[in-house]
Amino acid sequence: MVKIYKSAFFLILCLIISTGIALAQYTVNGTVTDNRTGEPLIGASVLVRNTTRGTVTDLDGKFTIPFENNEAGTLTISSLGYLSQNFSVSPSNTQVDAQLQEDATNLEEVVVTGLASTVKRSNLANAVSSVSAKELTGTTTIQTTDGALYGKIAGATIRSNGGAPGGGLSIQLRGISSLMGASQPLIIVDGVYINNSFQRTGRATVTQAGASNQDDGANRLADLNPNDIESIEVLKGPSAAAIYGTRANAGVIIITTKRGAAGQTKVSLSQDIGFATPLRLMGVDDWSEEKINFFWPENRRPVELERFRQGVRIDYEDFFYNNTALLTNTRLNVSGGNDKTKFFVSGNITSEDGTVRNTGFDRYSIRANIDHALTDRIKLGVSSNYIQSNTDRGFTGNQNNTGASIGYNIAYVPNYFDLRPDESGIYPTNPYFGENPVAVTDHGINNSEVNRFIQAFNLDIDLLRTNTSFLRANVAGGLDFLQNSTMVYLPEFLQFQRGQANPGDVFLGRQESFNTNFQAALVYNWNLGKVNMNSQGGLVRLDFRNNALFNRGRGLVPGQTNLQQATIQEIVQQFDSQVQEAGIFLQQEANFDDKIVGTVGVRWDKSTLNGNPNQYYAFPRASLAVNVANFDFWNVGAINQLKPRIAYGETAGPVAFGNTFTPLSGANIGGLLGSVVGTQVGNTEILPETATELEFGVDMGFLNNRIGLEATYYIKSTQNNIQDLRLSPSTGVSVSPSNEAELQNKGIELGLTANVLDMSNFKWSTRILYWQNRINMTRLGIPVYTLGGFGPALGTFLYAEGFSPTTIVGTPADPEIPGGFTVWGNSQPKFNTSMFNSFTLYNNLEFSFLMEWRQGGDNINLTSFLTDSGGTTKGWFDDDTGDGIPNGRQRPPAPHNNAARWVQDASFVKVREVGLFYTVPRTRVLETFGGAVQNIRFGFSANNLFLFTDYEGYDPETSTFGAQSVANNVDIAPYPTPRRLFFHVNLDF
Amino acid sequence: MKKSLYHILYFISLGLIGFACNPLQLDEIEDPNNPSVQSVTNNASRSQIQFVLTGLESRHRGYVTNVSQAWNTFGREIWYLNASDPRFQTDWLGQGGRVPDRSYFGFGITGGGSYFAPFQAILQAQVLIDAARNTNSINEAERNAIEGFARMIQGYQFMIPANFVYENGIRIDVENALDPGPYVSYEEALDHVRSLLLQADQLFASAGTGEFPFTLTPGFNNFNSIPALRQVNNAILARANAYREDWQGILSALESSFMDLNGNLQSGPAHPYSGPPDLFNPLFYVPDADINTIIVVHPSVLDDATPGDNRVTEKFFERSQPVLVTTDAGTLQGTHQDGRWPNNTSPIPFIRNEELILLKAEAHAQLGQTSEAVEAINIIREAAGIGAYSGGTSQQALIDEILYQRRYSLWAEPWGHRWIDARRYDRMDDIPTSYDQGSIFRQFPHPQSEISWDQYVGD
């Protein structure tokens, strides 16, 4: 065995050595500079077209490249952030003076398209969105990476579940691909399939809100330090993501972190100091004796009037939510290296309080990204990241009976009653609800501590290199280990706890997830006449393991949270899961002189989640892009890029773990353990959800790329969508997963980028994105049903053929509509548009802002329902109709008793990001610090500066059920969204 | 250099081979958390049968919370006050003209604890029977004991959905999950209950006379021998015969039941609750707790009480502060809470001697056997400390008296006796709505999932 390998490697070695032998016939010299500043470009790449030969420029921007024969050739000179240019060379033309132009429209950007290859944006046949580090974090500091993507990706509906610190966002790309789960994209960081789940915390159990989707937990992308990110690529649908196979139905987000560059070691220290206040509060209603006499029943009035006359007035919304939170962020980056070894090391401390007392988010992250060339032909890259996140999210949102939600509770508390503790620290009993929310805020704990390690590796081996071809092996993979310790604690002296048989409640969770992935690929680049061919093939292996254990203790020794200090000790849940997947892929790209670029590929995947774990499912793709402006006949000077493109691809969405099982669950009773038949009949023939997408569009560049336009239309159709087939409940089982449904998403994405002004002392660039998506249930396959929210009386969602599942229906009955209820709204926005502007004055002062406008899309606003019930909605006692019935008891539409009362338009305009930065002129820095400091930059910024909306809530973006495919717009007493203002200082040494 | 390159490549390839002989090979992954249903239906061991049997006891109590809260509200034995969700008041009391629909609040699309949960118990019993029939690890007598127990529970549980949807009828052929039978009338459903209980009786008869061969929970303390279980089975049959208006059948079933005219009225099998990992008694609330989610005694029960009735003092705990819940339909105030449970691990009986004696009274009254009826009534009255019956002895008067005594003797038991009694005697109008401006439901429609299933197979 070993012998075979030995021989193979000797063979490869011989090939490698033999290819280097050749004789130079002429030599080309040249310089590469920035066309505006004239400064030399270091490290620019110089490649001989249609060969594998090339070099890079030195510290003076100079290069030399030998030619082995006397034939003429073409040099392609490129540098990151610049447009590449071609130069003809021949024995009589050996001098090149390349002045490269800045790439305002990112045409040169390299985009990941295969599992082991990349393509230049100008040759791309898909609408892949890219977000650079500058776009992501250059304007302001945002807590989480997903939060920093708002308004930067056409086709992405990003939705915050609430304002609690530590994240909690949902991203849906091109509508909904799955009816189950949340239809969230696959996230890959430096090649590692990371865990982005919303993990259980137990908050919803302890507060009795309901299932864990009402925990208001964070999604674990929150652990990644956004400032470590170099770029994010978003493959929005199957046509672009087909090569990712089984997990790509909802798109793929590929995150690449920063890496070191050869040269002087750079040390960069950044400090942000800021504060947060609520973006919007609604106010609470004042009371009068007249209102008290109206609101309270007769036997209750005397006591209420007496309380009212004592004269205390407290705006509880203001009391609980309107605090100023301190935000600090410290970042230290060290990067550098030489030809062989490059490194990027970063450390980050984020310490951000929440606007509700005793809430906050702390994140400690350290990263080391090392690249090392073992030989000329073997390059190894590793990326290591350890993170600790500590999140206190407090008690907001839904609850039942326990009163452990600020907003739910104070909806019922009139402003004339004082809930605050007296001088001796005793909290008054809340006569209006089952708990004193001040005590819960002061003493309750809802904490999650994550310890996480993400390790990636990437090994590139040049196996074979000839004049016109090379063969490369790529082996890559990594692991993501995540441990989440959660604690929800309500101490024994709280009002509700005192009313329990075993006062004091602690809920402790330990969750571990361990993902590993591995891929091996061979990439062969060769030429077929004038066509450059890139062939690749390989295999992929994925393993996912999750373990969760939740314990609860009730009847606690005062002040104790150890389970052994509990009278009642309970294992609430233990849940383990294991998934294995494997795939094979082949892809062929053909590039005819950057004029016509085509790709075909296929991936075959199998998964232990499927009914048949050994069945391979094939996911083909094909795409074609034609760079019309690169043809010789093109002579429209004003249009320098015209690229019609079309792409088709297929992907799948995984089956949920357990869909194939018909389990006997454990049930304890009277000191014995029973095995009970569950509610599900497993489907051992379940298929993955599959999607096909046809996407076409055109990319155009005008006036030498000063203006870029990208227009895309897509039709994404999903089949075998999984939903629960409802069985006859008489049979003692209620559901069986089925593959019946089909969905269609159609949409438009437009992007316009322009360098409006480009003068030596003033630059103005702008980017406008527009996107819209329309969902239609093209096949339901099972009887019409409603699901989600809190039932038809408060607004629910309709699953029926010909309707979008985002359709909100509710009482009263309407027999004309399938499902029998009246249609009151739709949570899907009509369109989204965003605008980013950046102004630079004298190269030193930079002002930028990002706005987003989401039009349409309705919410189910049950916060209004609660405050109306408690008489605390601002303006409750006003009487717009003048009929003697106050507004709070008469919400439109008539007859004031249907679900439409709580369905509200959630359109909004948000000023997401604003930044003003000043870079101290370099000469000044050198004068002052004499080289000890290289660069000083400081500035002010804001996140969520303004919100304009008619919606009657803290934020039109809210979801009490967390990330959901459909029911992600129900508003129940959320944590108000903060407005964040920062001062920044950045020093480079 | 060459050498180190060689070594590196060598180790990488070794690593690749070591990673997995074949990275495309997937392991077979079984449910790491639970055994499968199939694991017990063929050649089950004794311990597997024991686990499925205990599972049946667990499913057997699945209805308790929902039926206790809802049906007792429908019959205005209680109010389930819940400040966090006004629909427990507005919807369950039928305020504002609300009438039950196919996915009514509190019952979902499956009918929840009032419909789906009993059918879960029926399925569980069937799986137990299948397990017992398809194994050699138990003998014939044991098999009969197991199957008798399973049939008894099935008989009991079928009465719950039958009473919930009443005239809409239920399915009784439910053994095939993908091919359930048609709906049958209430009468036919109760005949099916009787037939199951008679089967159980026969099976117990061929199961010996010793202890039940497997372990039952403490809920069956004093009832865990084969003869005692047979008596429980006949007690259930007596209740079913009352709904079947088979008055003679009641008396004969009672003959073979655990009815004891001189015995403890509380005696009877129960659903146990022992706290985690088991459940807590779902009807227990800490006396006088400052909470706003609680079962309270309906004011009409207090208003109609006979002075000196021990049942009032024993069952109703007067709070120092009433519980008050306001909804947009008005305010409800509860002055008394449920005082029956000493603590949150008290078992909840599901059929008691007291009910059997009342059934005896009712059967005799219906058969015109006045003195026997009065005799039985007096056992109840004496125990309650309100003296012997002195009212009229017409059948109407006796039935009035029996129904009145049932209100207090069987108050808020996990069955909704008053709601069912008022319906079977066509006295729904007697249930007061003046305290809450609600309305009294007669029955529920089939839950949405049933309709959906019929549509699905009809398509």
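Here the structure is a predicted model, which is why all the values come from computation and not from measurement.

Undergrad: Please explain the overall build of chain B as it appears in this structure.
TA: Scanning chain B from terminus to terminus reveals 17 helices and 8 strands. Reported as C-alpha extents along the three principal axes, the dimensions of chain B are approximately 110 × 60 × 50 Å. When the 459 residues of chain B are sorted by exposure, 51% land in the buried category. Once local pairs closer than 6 in sequence are excluded, the contacts in chain B between residues at least 24 apart make up 72%.

Undergrad: Whenever I open this one, the overall build of chain A confuses me. Can you help?
TA: In terms of regular secondary structure, chain A is built from 12 helices and 47 strands. For 989 residues, the compact-globule formula gives about 30 Å, and the C-alpha radius of gyration of chain A, at 30 Å, lands near that figure. Its C-alpha atoms give chain A principal-axis dimensions of roughly 105 × 70 × 60 Å. Of all intrachain contacts in chain A linking residues separated by at least 6 positions in sequence, the fraction that spans at least 24 positions is 68%.

Undergrad: Please clarify how the nonpolar core should be interpreted in this entry.
TA: Side chains of nonpolar character tend, in soluble globular proteins, to be buried together. Grouped together as the largest cluster of nonpolar side chains are 213 residues, with contacts concentrated most on L862(A), I49(B), V52(B), L128(B), I146(B), I236(B) and A238(B). The dominant element in this core, judged by the number of residues it contributes, is helix α7 (residues 140-165) of chain B, at 13 residues. Those residues in contact with V52(B) that sit more than four places away from it in its chain are S675(A), V40(B), V127(B), L128(B) and A131(B). I153(A), A218(A), I243(A) and V597(A) belong to the second largest nonpolar core, which has 71 residues in total.

Undergrad: Mind showing me how you'd approach the pairing of strand β24 (residues 505-528) of chain A here?
TA: Consecutive residues of a regular strand have side chains that alternate between opposite faces of the sheet. All names here are of chain A. When strand β23 (residues 470-490) meets β24, the two strands line up antiparallel, connected through 21 bridges. Pairing of L471 across the sheet is with Y524, part of β24. As defined by bridge partners, β24 adjoins strand β25 (residues 531-556) across 24 bridges and the pair is classed as antiparallel. Across the sheet, the residue bridging to Q519 is V540, located in β25. Between β24 and β25, which pair antiparallel in sequence order, lie 2 residues; one of them, G529, sits at a positive phi of approximately 60 degrees.

Undergrad: Whenever I open this one, the sheet that holds strand β43 (residues 903-905) of chain A confuses me. Can you help?
TA: As a general point, the strands of a sheet are linked pairwise by backbone hydrogen bonds and lie either parallel or antiparallel. Residue and element names in this part refer to chain A. Taking strand neighbours across the sheet as the criterion, the 3 strands line up as β43-β42-β46 in an open arrangement whose pairing is mixed. In this open sheet, the two strands that pair with only one neighbour each are β43 and β46 (970-971). Taken together, the 2 bridges between strand β42 (residues 858-861) and β46 define a ladder with parallel strand orientation. In the strand pairing of β46, I860 is matched with V970.

Undergrad: Honestly, the sheet that holds strand β39 (residues 821-826) of chain A in this entry has me stumped. Any pointers?
TA: Residues and elements named next belong to chain A. Strand order in the open sheet formed by 4 strands is β36-β37-β38-β39, with antiparallel pairing between adjacent strands. In this open sheet, the two edge strands, each paired with only one partner strand, are β36 (785-787) and β39. For this sheet the average axis-to-axis angle between neighbouring strands, irrespective of direction, equals 45 degrees. Alignment of β36 against strand β37 (residues 796-799), held across 3 bridges, turns out to be antiparallel. Considered in β37, the bridge of T786 is made with L798.

Undergrad: Mind showing me how you'd approach the packing of helix α3 (residues 46-60) of chain B against α7(B) here?
TA: Between two packed helices, the angle of one axis relative to the other and the distance separating the axes together describe the packing. All names here are of chain B. Two elements in contact, α3 and α7, have axes separated by 11 Å at closest approach and are oriented at 15 degrees. Classified by the angle their axes make, α3 and α7 are roughly parallel. For α3 against α7, the interelement crossing comes out left-handed. Along its contact with α3, which presents I49, L53, L56 and H60, the element α7 presents I146, A150 and I153. Across the contact of α3 with α7, the residue classes tally to 6 nonpolar, 1 polar and no charged.

Undergrad: What exactly am I supposed to notice about helix α11 (residues 862-870) of chain A here?
TA: Every α-helix winds through 3.6 residues per turn, so residues three or four apart in the chain are directed the same way. Residues and elements named next belong to chain A. Here α11 lies mainly inside the structure; 8 of its 9 residues are buried. Among all positions of α11, only L862, T863, S864, F865, L866, T867, D868 and G870 are buried. Against α8 (406-410), β42 and β46 lie the buried residues of α11. Phi turns positive one or two residues past the end of α11, at G871, with a value near 70 degrees.

Undergrad: Just checking my understanding: could you explain the pairing of strand β33 (residues 707-726) of chain A for this structure?
TA: Residues and elements named next belong to chain A. Across 13 bridges, the pairing between strand β32 (residues 689-702) and β33 is antiparallel. Its bridge partner lying in β33, F702 is registered against I707. Where β33 meets strand β34 (residues 735-758), 17 bridges bridge the pair, whose relative direction is antiparallel. Directly across from I715, in β34, lies its bridge partner K746.

Undergrad: How should I be thinking about the environment of Q199(B) in this particular structure?
TA: Positionally, Q199(B) belongs in helix α8 (residues 186-205). Along the backbone, Q199(B) and R151(B) are 48 residues apart, and their C-alpha atoms lie at a distance of 7.0 Å.

Undergrad: Help me understand the confidence of the model for chain A in this model?
TA: Interpretation of the predicted coordinates at a detailed level should be avoided for regions scoring low in pLDDT. Mean pLDDT over chain A: 92, with 97% of residues reaching 70 or higher. Scored below 50 in pLDDT, residues 1-23 of chain A makes 13 contacts in the model with residues more than four places away or belonging to other chains.

Undergrad: Looking at this model, I keep getting lost on the interface of chain A and chain B. Mind explaining?
TA: For an interface, size is often stated in terms of accessible area lost upon the parts coming together. Residue-level contacts link 72 residues of chain A with 84 residues of chain B. Listed by contribution, the elements that provide at least two residues to the side of chain A that touches chain B are α1 (2-19), α10 (495-498), β24, β25, β26 (566-592), β30 (664-669) and β31 (672-677) of chain A. Partitioning the side of chain A that touches chain B into residue classes produces 35 nonpolar, 29 polar and 8 charged.

Each value, and the rule that gives it
- Residues numbered from 1 in each chain as written.
- Chains lettered and ligands numbered in written order.
- Predicted model: local features only at pLDDT ≥ 70, side-chain atom pairs only at ≥ 80, totals over all residues.
- Helix = DSSP H or I, 4+ residues; strand = E, 2+ residues; numbered from the N terminus.
- Buried ≥ 20, exposed ≤ 12 C-beta atoms within 10 Å, placed from the backbone.
- Contact = placed C-beta atoms within 7 Å.
- Rg over C-alpha atoms; globule rule 2.2 N^0.38 Å.
- Core = buried A, V, L, I, M, F, W, Y, C linked by C-beta atoms within 7 Å.
- Pairing = 2+ DSSP bridges.
- Axes fitted to C-alpha atoms, helices over the stretch in contact; angles between N-to-C directions.
- Parallel < 35°, antiparallel > 145°, perpendicular 65-115°, else oblique.
- Left-handed = near helix turned anticlockwise from the far one by under 90°.
- Nonpolar A, V, L, I, M, F, W, Y, C, P; charged D, E, K, R; others polar.
- pLDDT = per-residue confidence, 0-100.

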